[in-house]
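Results of the structural survey
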Amino acid sequence: DVKVTQSSRYLVKRTGEKVFLECVQDMDHENMFWYRQDPGLGLRLIYFSYDVKMKEKGDIPEGYSVSREKKERFSLILESASTNQTSMYLCASSPQNQETQYFGPGTRLLVL
Amino acid sequence: GQNIDQPTEMTATEGAIVQINCTYQTSGFNGLFWYQQHAGEAPTFLSYNVLDGLEEKGRFSSFLSRSKGYSYLLLKELQMKDSASYLCAVIPGTNDYKLSFGAGTTVTVRA
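**Description of the overall build of chain A**
Within chain A one finds zero helices and 11 strands. When the helices and strands of chain A are listed from N to C terminus, the series reads β-β-β-β-β-β-β-β-β-β-β. For chain A, whose C-alpha radius of gyration is 13 Å, the value lies close to the compact-globule estimate of 13 Å for 112 residues. Expressed along its principal axes, the backbone C-alpha trace of chain A runs to roughly 40 × 25 × 25 Å. The 112 residues of chain A split such that 50% are buried. Across chain A, the fraction of contacts at a sequence separation of at least 24, relative to all contacts at a separation of at least 6, is 56%.

Next up, the structure:
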């Protein structure tokens, strides 16, 4: 079974803090994705990566950055957390040239 | 931008059938997915359609009409465990695997 894990299920941070969300997949997938999920808006793509050290902006990259130093790990960074970044963050991965994405359990982030 | 519409909520009785519609207007089309997401859990893959027609997989079926920009997910013989959100997602691009999601449909199954 494909396994995508995220470092925390719940996280509480203060405005202005730097926040790291980690995602690890164990199936040697080339593609990795970060989404946020908000009620009424669905999942929105923040960043994605097709290979180590490669990254591309999704639909809502503002206020976020990413890092992919190893194939299995894709990190989402909030440089200076703001209250409007309170959300559920979901990581996903997929094999090269395959469309189906496999999701992690999500991290529910609260920024106070 | 991409526009993917699906109803917000649906309610049905155990043992019944429910059809969740999804319409899309996107810059391109390279496939449509349905995912199931139980509250507090990760979305899990249900189906993938890239050609017109009906794909059946046990109690769940998914239909696609590319000319109409329309898909539906059919859930038969509903069970209480089918209470979840159902997410419609489209791959608009032809050279990448980015997904554009609808807002999701919450299905509540009543006894």
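Read on for the rest.
**So, the packing of aromatic side chains**
Under the counting rule described, the total for this entry stands at 17 aromatic pairs over all chains. Seen from their ring centres, B:Tyr35 and B:Phe101 are 6.2 Å apart, and the 50° between their planes marks the pair as tilted. Of this pair, B:Tyr35 sits in strand S4 (residues 32–37) while B:Phe101 sits in strand S10 (residues 100–101), and the two are 66 residues apart along the sequence. An aromatic cluster is present here, built from A:Phe33, A:Tyr35, A:Phe48, A:Tyr50, A:Phe103, B:Phe33, B:Tyr35, B:Phe45, B:Tyr48 and B:Phe101 joined pairwise through their rings.

**Some remarks on the pairing of strand S5 (residues 44–49) of chain B**
Residues and elements named next belong to chain B. Bridging between S4 and S5 involves five bridges; their strand directions are antiparallel. Pairing of Tyr35 across the sheet is with Phe45, part of S5. Hairpin remark: S4 followed by S5, antiparallel, with six residues in the connecting loop; positive phi at Gly40, about 75°.

**A look at the pairing of strand S4 (residues 31–38) of chain A**
The side chains of a regular strand alternate between the sheet's two faces. Residue and element names in this part refer to chain A. Within S4, eight of the eight residues are buried, which leaves the element mostly enclosed by the surrounding structure. Taking every second residue as pointing to the same face, both faces of S4 are buried, with Asn31, Phe33, Tyr35 and Gln37 on one and Met32, Trp34, Arg36 and Asp38 on the other. For S4 and strand S9 (residues 87–94), the ladder comprises seven bridges, and the chain directions are antiparallel. In the strand pairing of S9, Arg36 is matched with Tyr89. Linking S4 back to strand S5 (residues 42–49) in an antiparallel pair, the connection comprises three residues, with Gly40 at a positive phi of about 80°.

**As for the nonpolar core**
In this structure, B:Ile20, B:Tyr24, B:Leu32, B:Trp34, B:Leu73, B:Leu75 and B:Tyr86 are the most contacted members of the largest nonpolar core, which totals 21 residues. Elements supplying a minimum of two residues to this core: strand S3 (18–25), S4, strand S7 (60–65), strand S8 (70–75), strand S9 (84–90) and strand S11 (105–110) of chain B. The residues touching B:Leu32, leaving out its near neighbours within four places in the chain, are B:Cys22, B:Tyr24, B:Ser47, B:Tyr48, B:Asn49, B:Leu64, B:Ser71, B:Cys88, B:Ala89 and B:Val90. Of all hydrophobic cores here, the second largest spans 20 residues; its members include A:Val19, A:Cys23, A:Phe74 and A:Leu109.

**Focus: the sheet that holds S3(B)**
All names here are of chain B. A sheet is described by the order of its strands in space; here five strands give the open sequence S1-S3-S8-S7-S6, paired in antiparallel fashion. Two strands in the sheet have a free side with no partner beyond their single neighbour: strand S1 (3–5) and strand S6 (53–57). Neighbour to neighbour, the strand axes of the sheet diverge by 15° on average, direction disregarded. Pairing analysis gives six bridges linking S3 to S8, with the strands arranged antiparallel. Each residue of the ladder has a partner; that of Asn21, found in S8, is Tyr72.

Procedures and definitions
- Residues numbered from 1 in each chain as written.
- Chains lettered and ligands numbered in written order.
- Predicted model: local features only at pLDDT ≥ 70, side-chain atom pairs only at ≥ 80, totals over all residues.
- Heavy atoms only, no water.
- Helix = DSSP H or I, 4+ residues; strand = E, 2+ residues; numbered from the N terminus.
- Rg over C-alpha atoms; globule rule 2.2 N^0.38 Å.
- Buried < 20%, exposed > 50% of the residue type's maximum accessible area, 1.4 Å probe, protein only.
- Contact = heavy atoms within 4.5 Å.
- Phe/Tyr/Trp six-rings, centres within 6.5 Å; stacked < 30°, edge-to-face > 60°.
- Pairing = 2+ DSSP bridges.
- Core = buried A, V, L, I, M, F, W, Y, C linked by side-chain atoms within 4.5 Å.
- Axes fitted to C-alpha atoms, helices over the stretch in contact; angles between N-to-C directions.

So far we have only geometry, and geometry alone does not tell us how the molecule works.
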